[in-house]
Amino acid sequence: MSRVVVVVFNAGQVRKVNAYVEAAVGAGAEVTVLSASGGQGWGPGRDLHPAARAVTVGPAEHRQPLVWLYLAFVEKGPGVLLRRAAGRLPGPAGRACGKGAALHAKAARTIRRRLFWPAYKVVRGQALRRLALRRLGDLGLDGAERVVVVDEAAVPFGWALARRRPGLDVTRRLDRTLYDPPAPAP
Amino acid sequence: MSADRPRLLYLAFYFPPSRASGVYRARATADHFAAAGWDVTVMRAPDRFYDEVTGSTDPALADGVDPAVTVLAPGMDFFAWETDLARYGRLRGNAPATARRLHEWKLRRVFPEVYHSWASRAVALARRLHRREPFDLVLATGNPFASFAAAWAISRLTGLPYIMDYRDSWTLDLFANADAYPPGHPAWKWERRVMARAGAAVFVNDALRDWHAERYPAAAERMMTVPNGWDPDCLDPLAAGAPGTGPLSYAYVGTLTVNQPVRCMVDGFRAMTAAGDHPDATLDLWGHLGFFTHSPARLRADFGLEFDGEGDVRYRGPVSKTAVGEAYAEADVLVFLAGGSKYVTSGKIFEYMAVGKPIVSVHEPGSAAEPMLRDYPLWFRPKRLDAEEVARAMAEAGDAARSADEETRGAARSYGAAFTRDAALRPLQERARELAGGRR
């Protein structure tokens with residue numbers, strides 16, 4: 001049975017990955033998907049195909065020092081404080097805190113979109129590379145036929161892997177046709 | 001090499017062993033110039049491009065190139081096609097987004113084609129060779145059109161005259177009959193620039209020449225038509241066989257692409273047999289499915305056809321250019337399948353006419369091939385492109401395959417015999433002599 005490892009760090013590629021997993025598993029291959037599921041920018045409803053063995057670096061992504069500080073002091077911390085104050089303070093002060101919590105939520109979304117993502121996505125590939133390299137043991141690379149790097153964020157990890165294991169086929173080609181039944185000879 | 005032979009630098013990205021559709025013209029051009037006394041140096045794409053990107057080679061084609069022709073393959077970067085991460089450089093491996101943006105910047109600012117690195121290296125190599133032993137003329141064929149930019153740059157650096165051979169069109173979308181690029185795209189600026197300096201611009205049919213003459217009136221006088229033709233070294237028309245007595249074989253010979261009315265051809269053929277005309281006939285499809293490695297699977301799905309080598313429609317697979325006579329020998333009627341507009345001429349039509357068998361057209365009326373077919377004695381065409389009309393034309397062509405006498409067939413072969421590559425290339429070679437004349 002052939003074994004394939006698929007690396008996807010961008011939630012926008014999940015549908016393509018799932019179609020690939022379905023084709024590969026249908027053809028008898030064993031697929032492991034290394035993803036950033038549950039990590040930054042990976043919202044709900046982006047579930048990976050259940051037939052694939054899933055390994056994720058998503059939770060670890062939240063624990064990186066700069067990401068953790070951003071989440072604690074910009075997104076979550078002020079919101080928690082304002083909501084708590086709105087519940088406890090009576091009268092106009094409480095109402096002001098409630099309004100402040102709503103304004104903060106709006107501001108946090110804007111800051112995430114306008115400031116955090118543009119800056120973070122530049123270094124996200126390198127950050128995830130470090131985390132992913134720690135999970136190499138879980139990927140079962142020894143028997144893997146190929147590693148498919150699906151998105152740009154996963155390239156630094158894939159490149160590092162290709163250098164560490166020169167014999168391993170690390171490719172950007174997510175090619176479902178590899179699992180098509182052979183065409184009849186003319 | 002003799003010192004008094006004019007030296008031609010021929011920039012042909014697709015050249016044997018590639019089997020892309022344009023290589024036959026490129027190969028014939030190099031051979032024709034060599035036979036006419038030129039010292040020819042060809043610059044083509046590196047083997048890796050043919051092996052890994054197009055995945056389409058035919059070593060027999062390279063064997064047929066005149067040994068006197070020097071073939072060089074400047075390198076290029078494979079950024080647009082590279083999928084193996086082990087081959088990524090340090091920048092792309094660590095900062096893929098930055099590397100991609102740099103690549104896109106080059107496409108905007110250097111030349112709007114992914115082949116620009118090949119052109120740059122061709123220019124550098126040409127300069128070195130020119131210093132050692134001067135060239136007299138540069139001939140560039142497109143696509144890719146980076147070869148035109150390379151010819152322009154060589155001309156700027158060395159003062160050499162150059163000719164552009166538009167095997168394909170650059171800024172005209174042949175299939176949509178419309179501009180290929182939006183206004184302001186760098187391709188327009190580049191075409192204006194290379195056209196202004198060119199000694200001649202060559203097109204495969206009059207319709208294309210007229211379109212370009214209208215767009216670049218200042219260069220109109222320097223434009224000429226050099227049609228394709230058939231290659232006598234690859235095809236012996238007399239060996240293509242006499243008509244058989246068994247069930248008729250309708251054949252299409254050539255590359256099948258999604259731009260061709262394949263579905264209409266098959267439907268028309270089946271409508272003909274279902275109506276009782278030549279009911280035992282078969283439709284044989286000879287050739288590659290698409291030009292690229294990944295094309296066949298996609299095309300099978302796009303055509304919605306199951307080619308299984310059995311039944312009435314049979315996919316017979318690729319046939320080497322040098323063995324194409326065998327496919328023609330098995331055919332009784334040739335189906336001329338062409339996609340696109342009045343600007344499209346299929347090079348195959350010249351071989352079709354050379355073998356002297358009935359030809360049935362399956363394309364929109366107004367194809368650039370029609371003026372040549374008009375005087376061919378065994379040409380059958382539908383009034384419009386639908387299954388019913390195609391069936392009628394196919395039935396008539398089948399009747400002609402059964403009933404045409406040797407005199408008619410001979411007249412058809414004689415008519416087709418005039419369209420050899422050499423005959424077509426002669427005016428180009430003469431024009432090249434004029435341009436290089438003052439130099440040697």
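This structure is a prediction, so every number in the text was calculated from the model and none was measured.

Some words on helix H9 (residues 206-215) of chain B
Residues and elements named next belong to chain B.
Thought 1: Residues of H9 that are buried include every one of Leu-208, Trp-211 and His-212, and no others. The buried residues of H9 occupy an angular sector of 90 degrees when the element is viewed end-on, so they sit on one face.
Thought 2: Packing partners of the buried residues in H9 comprise strand E5 (162-166), strand E6 (172-173), strand E7 (178-179), helix H8 (186-197), strand E8 (200-203) and strand E9 (223-225).
Thought 3: If you check the start of H9, you find a side-chain oxygen 3.3 Å away from the backbone N of Ala-207, and it comes from Asn-205.

Brief notes about the interface of chain A and chain B
Thought 1: Opposite the 18 residues of chain A that make contact, chain B presents 20 residues.
Thought 2: A combined buried area of about 1,500 Å² lies between chain A and chain B, and 57% of that area is made up of carbon and sulfur atoms.
Thought 3: At the junction of chain A and chain B, the tally comes to 1 salt bridge.
Thought 4: Between Arg100(B) and Glu152(A) there is a salt bridge, with its nearest N and O atoms 2.6 Å apart.
Thought 5: Our enumeration of links across chain A and chain B arrives at 7 residue pairs in polar contact (both at pLDDT 80 or more).
Thought 6: In terms of residues, the side of chain A that touches chain B owes the most to one element, helix H6 (residues 155-164) of chain A, which gives 6 residues.
Thought 7: Classifying every residue of the side of chain A that touches chain B by side-chain character gives 10 nonpolar, 3 polar and 5 charged.

Notes on the domain arrangement of chain B
All names here are of chain B.
Thought 1: By domain assignment, chain B separates into domain 1 (7-227 + 421-437) and domain 2 (237-417).
Thought 2: Each of domain 1 and domain 2 was reduced to a C-alpha centroid, and the two centroids are 31 Å apart.
Thought 3: Domain 1 puts 20 residues into the contact, and the matching count from domain 2 is 19 residues.
Thought 4: Interface area lost by domain 1 to domain 2 is led by Arg-19, Leu-174 and Phe-175, which between them contribute 32%.
Thought 5: On inspection of domain 1 and its partner domain 2, the count reaches 0 salt bridges.

A word on the packing of helix H6 (residues 116-132) of chain B against helix H7 (residues 146-158) of chain B
Residue and element names in this part refer to chain B.
Thought 1: Interhelical geometry of H6 versus H7 gives an angle of 35 degrees and a closest axis separation of 9 Å. Note on packing geometry: the crossing formed by H6 with H7 is right-handed. Judged by residue contacts, His-116, Trp-118, Ala-119, Val-123, Ala-126, Arg-127 and His-130 of H6 engage Ala-146, Ser-147, Ala-150, Ala-153, Ile-154, Leu-157 and Thr-158 from H7.
Thought 2: A per-class count over the contact of H6 with H7 returns 9 nonpolar, 4 polar and 1 charged.

Focus on the domain arrangement of chain A
Accessible area lost upon the coming together of the parts is a frequently used measure of interface size.
All names here are of chain A.
Thought 1: Examined at the domain level, chain A breaks down into domain 1 (3-61 + 124-179) and domain 2 (65-122).
Thought 2: Counting residues at the interface gives 6 residues for domain 1, matched by 8 residues for domain 2.
Thought 3: Carbon and sulfur atoms make up 49% of the area that domain 1 and domain 2 hide from each other, which totals about 570 Å².
Thought 4: Along the contact surface separating domain 1 from domain 2 lie 3 residue pairs in polar contact (both at pLDDT 80 or more).
Thought 5: With 3 residues, helix H4 (residues 91-133) is the single largest residue contributor to the side of domain 1 that touches domain 2.
Thought 6: For the side of domain 1 that touches domain 2, the per-class residue count stands at 1 nonpolar, 3 polar and 2 charged.

Some details on the UniProt feature "domain: Glycosyltransferase subfamily 4-like N-terminal" (unreviewed entry) in chain B
Thought 1: With numbering matched to this structure, UniProt assigns "domain: Glycosyltransferase subfamily 4-like N-terminal" (unreviewed entry) to residues 69-233 of chain B.
Thought 2: Its end C-alpha atoms 17 Å apart, residues 69-233 of chain B is made of 43% helix and 15% strand.

Concerning the environment of Ser367(B)
Residue and element names in this part refer to chain B.
Thought 1: Along the chain, the position of Ser-367 falls in the loop between strand E14 (359-362) and helix H14 (370-373).
Thought 2: Sequence separation between Ser-367 and Leu-385 is 18 residues; the distance between their C-alpha atoms is 12 Å.
Thought 3: In this structure, Ser-367 is in contact with Ser-341, Lys-342 and Val-344, ignoring residues within four places of it in sequence.
Thought 4: Here Val-344 takes part through its backbone oxygen, which lies 3.5 Å from a polar atom of the side chain of Ser-367.

Reading guide: rules and limits
Residues numbered from 1 in each chain as written. Chains lettered and ligands numbered in written order. Predicted model: local features only at pLDDT ≥ 70, side-chain atom pairs only at ≥ 80, totals over all residues. Heavy atoms only, no water. Buried < 20%, exposed > 50% of the residue type's maximum accessible area, 1.4 Å probe, protein only. Helix = DSSP H or I, 4+ residues; strand = E, 2+ residues; numbered from the N terminus. Arc of directions from axis to C-beta. Contact = heavy atoms within 4.5 Å. Polar contact = N/O pair within 3.5 Å; in protein donor to acceptor, adjacent residues only side chain to side chain. Buried area = accessible area lost by both parts, 1.4 Å probe. Salt bridge = Lys/Arg side-chain N within 4 Å of Asp/Glu carboxyl O. Nonpolar A, V, L, I, M, F, W, Y, C, P; charged D, E, K, R; others polar. Domains from an automatic or database assignment. Axes fitted to C-alpha atoms, helices over the stretch in contact; angles between N-to-C directions. Left-handed = near helix turned anticlockwise from the far one by under 90°. UniProt positions renumbered as here; feature names shortened; annotations may be inferred.

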